[in-house]
Amino acid sequence: MGRLAFLVIFFTLLFFTTGSIGLTQDTSSWTILVYMEADNNLEGDAIADMLEMEMAGSSDNVNILVQIDRATGYSQADGDWTDARRYYVQRNPNAKTIEDLVAQKRDEPDSLTIYSPVLEELGETNNGDPQTLIDFALWGANNYPADKYALIMWNHGGTWVAGFGGDESTPEKDALTMPEIDSALDTITTSIGQKFEFIGFDACLMGQLETFTLLAPYAHYASGAEELEPAFGWYYTPVIEQLISDPAMNGADLGTAIVENYMAFYGEIMPEITGRPFWMEYDHSVVDLQNMAEVESSIIAFTDFAQANADAILPVTSDARNNVQFFGGSTPDASDPLSSVDIIHFMELLQSLSEDDSVDGAAQNVIDAINNLIVTSAASEGLANANGMAVFFPRNASKASIHDNDVRYSSELDYMQGWNTFLESFFDSAK
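In this text, all values refer to a predicted model and were calculated from it rather than measured experimentally.

1. Brief notes about the sheet that holds strand β5 (residues 146–154)
Line of reasoning, step 1. The strand order across the open sheet built from nine strands is β4-β3-β2-β1-β5-β8-β9-β10-β13, with neighbouring strands paired in mixed fashion. The open sheet is flanked by β4 (118–123) and β13 (374–379), the only strands paired with a single partner. On average, each strand axis in the sheet is inclined to that of its neighbour by 15 degrees, with strand direction left out of account.
Line of reasoning, step 2. When strand β1 (residues 28–38) meets β5, the two strands line up parallel, connected through eight bridges. When the sheet's bridge partners are listed, isoleucine 32 is paired in β5 with alanine 150.
Line of reasoning, step 3. Sheet contacts for helix α4 (residues 130–143): β1, β2 (62–70), β3 (84–88), β4 and β5; angle to β1, the most-contacted strand, approximately 155 degrees.
Line of reasoning, step 4. Helix α8 (residues 236–245) rests against β1, β2, β5 and β8 (196–202) of the sheet, and its axis sits at about 150 degrees to β2.

Structure, rendered in structure tokens:
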């Protein structure tokens, strides 16, 4: 072997085993794992979010890792590759401003180019297979060890009903179901020997009691939106900059930064860029999963109360449900397949509609427990009754049976037995 060939091999190995973009390094404060399922119509948005991350990049104390799988036919950006790739996000010294990036995405979307080097090319992957998520998370944790880990789930979201994702390289556009997410997170946290400090959904409609209850054994804090998310999703640049500036932040701090910058992006930055108010309603919240047991207990107590005091509570339940803040559709009929409503607003309506003080107390216990869970929550003006957490609540038994959601709820979400018992009591009383 000649000296030149030896040096090429040596420095190639060095590149992949040391340094800020290597596959092995000392323990950092944070490793952020971004599971970016873009094998669908969101692939152009994924590239734009990668460029947002590159405006800040990683640091010695904060590793930003992205696994992104792209689709065919939606975006020709960055050379129009369509497989799955892994990146260590580096700061782009020539990065555009967010204003320029928004304009570029609008006017020249195919010119978007990722700056960070590719660490691995994985070929085509099924992002709806929990093993794909497991492999990415364990690869990241093993090669970029940290005191705290965050997992960001980036894609479409459809509440527990439709799950997370939608991989168009598969015949059924495979998505991760709640049981599959549960299984994956159990394997990951068991393997790394600790909970995630933070799990966030940069996806529509995942800010649900069903989602947060599932996450509680696997993370300290979590975030999600009750309503649909705009295609641009989170505003990553300032969030990463804040984390790099203060790597001692915990999951509550990180989640709060996500919420505040998300709201500022659509409430201030986008209107300034476009010259008009942002056209969609939007919200986001972060919760302290360490307080989930209190919420579960309050739901069970509320259900027990409803069954023991059916004459007091069930007559006003229909009116409360018919007037509650709903999500995922512009009309009640359009929202029925998901049947996702704000749980605090529902309890508040019960209080206002009932003349029985005992109903007021039972509902208030749930409200207090959920408010104690929520670290911070914000919503645009048109979502005045979005309080930070939704729940599955069909309008009647017929709506509950859409796509066999009632059967699935019992079988796939057995941890929601308390709320499901209340739903069944409500449906029985309405017959």
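2. What to know about the confidence of the model for the chain
Line of reasoning, step 1. Across the chain, pLDDT averages 93, with 94% of residues at or above 70.
Line of reasoning, step 2. Every residue in residues 1–22 is under pLDDT 50, and counting partners more than four places away or in other chains gives 21 contacts.

3. Overview of the side chain of aspartate 288
Line of reasoning, step 1. With respect to the secondary-structure elements, aspartate 288 resides in strand β10 (residues 283–288).
Line of reasoning, step 2. Summary of buried charges: aspartate 288 has no salt-bridge partner, and the nearest side chain of opposite charge, lysine 195, is 8.7 Å away.
Line of reasoning, step 3. In this structure the side chain of aspartate 288 is engaged in a polar contact, spanning 2.9 Å, whose partner is the side chain of glutamine 290.

4. Structural notes on the nonpolar core
Line of reasoning, step 1. Counting residues in hydrophobic clusters, the biggest one holds 90 residues, and the most contacted among them are Ile343, Phe346, Met347 and Trp419.
Line of reasoning, step 2. Sort the elements by how many residues they give to this core and helix α14 (residues 357–373) lands first, with eight residues.
Line of reasoning, step 3. Residues within four places of phenylalanine 346 in sequence aside, it is in contact with Phe302, Thr317, Ala320, Arg321, Val324, Phe393, Trp419 and Phe422.
Line of reasoning, step 4. Listed in part, the 55 residues of the second largest apolar core include Met53, Ile114, Tyr266 and Met280.

5. Some words on the pairing of β5
Line of reasoning, step 1. Within β5, eight of the nine residues are buried, which leaves the element mostly enclosed by the surrounding structure.
Line of reasoning, step 2. When β5 meets β8, the two strands line up parallel, connected through five bridges. Paired with leucine 151 across the two strands is isoleucine 199, which belongs to β8.

6. What to know about unusual backbone geometry
Trans peptide bonds make up most of the peptide bonds, and negative phi angles are found at most residues other than glycine.
Line of reasoning, step 1. Although it is not a glycine, aspartate 78 adopts a positive phi angle of roughly 55 degrees.
Line of reasoning, step 2. The residue aspartate 78 is located in the loop between β2 and β3 in this model.
Line of reasoning, step 3. With a phi angle near 60 degrees, aspartate 80 is a residue other than glycine that sits in the positive phi range.
Line of reasoning, step 4. Within the secondary structure layout, aspartate 80 lies in the loop between β2 and β3.

7. Considerations on the pattern of salt bridges
Line of reasoning, step 1. Per the stated rule, a full pass over the model turns up nine salt bridges.
Line of reasoning, step 2. Glutamate 43 is the partner of arginine 70 in a salt bridge, and the nearest nitrogen-oxygen pair spans 2.8 Å. Linking arginine 70 in strand β2 with glutamate 43 in helix α2 (residues 43–54), this pair joins segments that are 27 residues apart in sequence. The exposure classification of arginine 70 matches that of glutamate 43, with both residues buried.
Line of reasoning, step 3. As a salt-bridge pair, glutamate 412 and arginine 408 come within 2.9 Å of each other at their nearest N and O atoms. Taken together, the residues glutamate 412 and arginine 408, both in helix α16 (residues 405–412) and four residues apart, mark about one turn of the helix.
Line of reasoning, step 4. With relative accessibility at 23%, the residue glutamate 412 sits in the partly exposed group.
Line of reasoning, step 5. Where salt bridges share partners, they join Asp333, Asp336, Arg395 and Lys399 into one cluster.

Rules used throughout
- Residues numbered from 1 in each chain as written.
- Predicted model: local features only at pLDDT ≥ 70, side-chain atom pairs only at ≥ 80, totals over all residues.
- Heavy atoms only, no water.
- Pairing = 2+ DSSP bridges.
- Helix = DSSP H or I, 4+ residues; strand = E, 2+ residues; numbered from the N terminus.
- Axes fitted to C-alpha atoms, helices over the stretch in contact; angles between N-to-C directions.
- Contact = heavy atoms within 4.5 Å.
- pLDDT = per-residue confidence, 0-100.
- Buried < 20%, exposed > 50% of the residue type's maximum accessible area, 1.4 Å probe, protein only.
- Lys, Arg positive; Asp, Glu negative; His and termini not counted.
- Salt bridge = Lys/Arg side-chain N within 4 Å of Asp/Glu carboxyl O.
- Polar contact = N/O pair within 3.5 Å; in protein donor to acceptor, adjacent residues only side chain to side chain.
- Core = buried A, V, L, I, M, F, W, Y, C linked by side-chain atoms within 4.5 Å.

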